[in-house]
Amino acid sequence: MPDVKEKVPLKDPGDAECGSCKPETSAPTRDGRSGPEDHPACLIDSVEDVCKPSNKTGTNHDFHVEAEVSPPSSLEGKVKETMHNTFWDHLKDQLSATPPDFSCALELLKEIKETLLSLLLPRQSRLRSEIEEALDTALLKQKAEHGALNVPLLSKGIFQVLGLMKMDMVNYTIQSLQPHLQEHSIQHERATFQELLNKQPSLLDHTTKWLTRAAADLTTPLLACPDASDSTTVACSSPNEAANSPEPLSPTMVLSQGFLNLLLWEPENEEFPETLLMDRTRLQELESQLRRLTILASVLLVASSFSGSVLFGSPQFLDKLKRITKDLMEEFDSRPEEAMQTVSEQVSQEIHQSLKNMGLAALSSDNTASLIGQLQSIAKKENCVRSVIDQRIHLFLKCCLVLGVQRSLLDLPGGLTVIEAELAELGQKFVSLTHHNQKVFGPYYTEILKTLSLPAQALEAEVESL
């Protein structure tokens, strides 16, 4: 494997531009089955540690900070509430005294002034002067002495507003720094991985097998799907179309197929790509989310065939069915049959009651039994409805990798429109993960793909995109 280190200049962590904004890292969650047997354990640990700078601020464009809110029933919440009440009661007593005592109020306004000044940037000198003038401590003290200080008007609710202002500024700063953090993360991960590769040339063996399998999957004719004529199949130039297309395979197609294969990875298969070890936990979470969406959409599709267009066209009814199914899906992974039995009973009851409430004909006993039976059979992987929905969700994710999430949402296959919001979230997470991984390890993927007999012209044209 050619050394790509010279293509990847590593920025000096002490450099003035990035030294003050180094990403905060945390130890990765390790899966005991993720380490290849033929690689030393310590080396696999090193591969995972390479990706520490690739934290949420670098890979998640929606990352933001939220103020911590303690539950009112918690000890911390009760202590905070007691302290706040004590302070405001004390302030009220001082202001209600005759004559009023403004010592606590002036201290409060002093803190407000300091908080406002702490939110300013160094270049905001004019605004700083205005705050200094408006909250002049000496002037406020004089007003207090003459009874002209309206403390309740100045203080009530101001800390809450200041807290929101400060949090908004923190998130604005994070968003402003994110491109720099991401670029630094990419360069750091790639350069450090190259150092490991120099010590262990076989470190990309499993990555090579992973891409080789993806290329083979694309050149193997697929079985015809029942919904092969679906409009989305035609509208989205998905990677799998290469099997029946005269167009040659491209690096993008192979990588897309490879990333999709990771969502179907068998837990006992230890040959996980070395370049994705750090992302394995996140990929497993996405796979679990995909499975739950498959079950949810399958349940709704079956339910719609028994509910009628009037009932199923009600947003309230649909939302309630989704909520019922999601709540009962918690135990699906460990007990699928029991979970689906509960789902089938609850969904059938909801349909029966809703039809009755709307004055529509209730389900017959035969239809009720058929509904329950069809819902219970969704627990089996080979279930026809579940298989079709699973194929359509994978097709959607393929389109996301090729066309982007928003364009892929414009023409969803039948059965998926009811989970459009959930699919958008899944697609965005999947695309963000794969795009970051490609930016870090693109040069290595390019070198591997050159050995897979892909057209040289296609490789040259897409090297930049990797």
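Worth saying up front: this structure is predicted, and the values here are computed from it rather than measured.

Enquirer: Can you help me understand the packing of aromatic side chains in this one?
Expert: The geometry of an aromatic ring pair comes down to the distance between the two centres and the angle between the two planes. Across all of its chains, the model carries eight aromatic pairs by this definition. Considering the side-chain rings of Trp210 and Tyr445, the 5.7 Å spacing of their centres and the 65 degrees angle between planes classify their relative orientation as edge-to-face. With Trp210 in helix H9 (residues 205–219) and Tyr445 in helix H18 (residues 420–450), this residue pair connects regions lying 235 residues apart in the sequence. Here the two residues Trp210 and Tyr445 agree in accessibility, since each one is buried. Aromatic side chains Phe312 and Phe317 sit 6.3 Å apart centroid to centroid with 70 degrees between the ring planes, which places their arrangement in the edge-to-face category. For the residue pair Phe312 and Phe317, the accessibility class agrees, reading buried in each case. Ring pairing ties together the aromatic residues Phe193, Trp210, Phe259, Phe441, Tyr444 and Tyr445, which thus form one cluster.

Enquirer: Sorry if this is basic, but what is going on with the pattern of salt bridges here?
Expert: Note on pairing: side chains with opposite charge can pair once their charged atoms come close. Under the defined criterion, the tally for this structure stands at nine salt bridges. When the shortest N-O distance is used, the salt bridge between Lys113 and Glu132 registers 2.8 Å. Taken together, the residues span a long stretch of sequence, with Lys113 in helix H4 (residues 103–118) and Glu132 in helix H5 (residues 125–134) at a distance of 19 residues. Glu132 gets classed as partly exposed once you look at its relative accessible area, which sits at 33%.

Enquirer: Before we go on, may I ask you to explain H4 in this structure?
Expert: Because an α-helix completes one turn every 3.6 residues, residues spaced three or four positions apart along the sequence face the same direction. Taking 1.5 Å of rise per residue, the 16 residues of H4 would be expected to cover 22 Å, and the 23 Å separating its terminal C-alpha atoms lies within 8% of that figure. Considered for burial, the residues of H4 that qualify are Cys104, Ala105, Leu106, Leu108, Leu109, Ile112, Lys113, Leu116 and Leu117.

Definitions and limits used
- Residues numbered from 1 in each chain as written.
- Predicted model: local features only at pLDDT ≥ 70, side-chain atom pairs only at ≥ 80, totals over all residues.
- Heavy atoms only, no water.
- Phe/Tyr/Trp six-rings, centres within 6.5 Å; stacked < 30°, edge-to-face > 60°.
- Helix = DSSP H or I, 4+ residues; strand = E, 2+ residues; numbered from the N terminus.
- Buried < 20%, exposed > 50% of the residue type's maximum accessible area, 1.4 Å probe, protein only.
- Salt bridge = Lys/Arg side-chain N within 4 Å of Asp/Glu carboxyl O.
- Expected span 1.5 Å × (residues − 1).

In short, shape yes, function no, at least from these values alone.
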